[in-house]
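Working through the structure, step by step
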Amino acid sequence: MNDIKEDERFMRAAIEAARVAEDNGDVPIGAVIVFENRIIAKAYNQKEQLADPTAHAEIIALTQAAAALQSWRLNGCTMYVTLEPCPMCAGALVLSRMDRLVYGCDDPKAGACKSLYNIVQDERLNHRLEVTSGIMEDQCREQLQEFFAKRRIENKNNNKVCNF
């Protein structure tokens, strides 16, 4: 049985990580991986910072967790991430043999764990994850919405035509 208070505690850590991404100019998505009730990986989006399309919070956290456990098999681990993983990240979760995924808000444009696809529970694959969604959903969604609202204002202000 999963404890919602524990899920919220670890999701708060993912939200904190997402703030770092935002401070660095990246979309605020954060992820933590928990093993035996302790955080073994904490990451945030770094696509802009590293100029790397694969530098999603989930991928970076998976690499950190594998190093911490000295194994690519992450049995017994749970990932907490602020936004529903995309197809790349969902596939990586399956390949890592992660036990459980907990995410904050759905991603109707790219979500691959419920919204568009359900890669992490596809019976055709050799591994499936337990999934819990909606943990601190409002906070996760608001963090993303505020980021994109600021970005739209910045883009609008930067695109003003100067008439001399």
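Scroll up for the structure.
Analysis parameters
- Residues numbered from 1 in each chain as written.
- Predicted model: local features only at pLDDT ≥ 70, side-chain atom pairs only at ≥ 80, totals over all residues.
- Heavy atoms only, no water.
- Phe/Tyr/Trp six-rings, centres within 6.5 Å; stacked < 30°, edge-to-face > 60°.
- Helix = DSSP H or I, 4+ residues; strand = E, 2+ residues; numbered from the N terminus.
- Buried < 20%, exposed > 50% of the residue type's maximum accessible area, 1.4 Å probe, protein only.
- Salt bridge = Lys/Arg side-chain N within 4 Å of Asp/Glu carboxyl O.
- Expected span 1.5 Å × (residues − 1).
- Arc of directions from axis to C-beta.
- Contact = heavy atoms within 4.5 Å.

Topic: the packing of aromatic side chains
Per the stated rule, a full pass over the model turns up 2 aromatic pairs. Centre to centre, the rings of F10 and Y80 are 5.3 Å apart; their planes meet at 45 degrees, and the pair counts as tilted. Here F10 is found in helix 1 (residues 4-23), whereas its partner Y80 is found in strand 3 (residues 77-83), with 70 residues between them in sequence. As far as burial versus exposure is concerned, F10 and Y80 are alike and both buried. On the basis of an interplanar angle of 80 degrees and a centroid distance of 5.1 Å, the ring pair of F147 and F148 is categorised as edge-to-face. We classify F147 as buried; its relative accessible area is 5%. We classify F148 as partly exposed; its relative accessible area is 35%.

Re the pattern of salt bridges
Within this structure, the stated rule accounts for 9 salt bridges. Put simply, K150 and E22 hold a salt bridge, and the shortest N to O gap is 3.6 Å. With K150 in helix 5 (residues 137-158) and E22 in helix 1, the pair connects residues that are 128 residues apart, well separated along the chain. Across the pair R141 and E137 runs a salt bridge whose closest N-O atoms are separated by 3.0 Å. Taken as a pair, R141 and E137 lie in helix 5 at a separation of 4 residues, close to a single helical turn.

Details of helix 5
Compared with the 32 Å implied by 1.5 Å per residue over 22 residues, the 32 Å span of helix 5 between its first and last C-alpha is a close match. Buried within helix 5 are the following residues: C140, Q143, L144 and F147. Angular distribution of buried residues about the axis of helix 5 spans 85 degrees; they occupy a single face of the element. The exposed residues of helix 5 that point more than 90 degrees off its buried face are R152, I153 and K156. Lining the buried residues of helix 5 we find helix 1, strand 3 and strand 4 (100-105).

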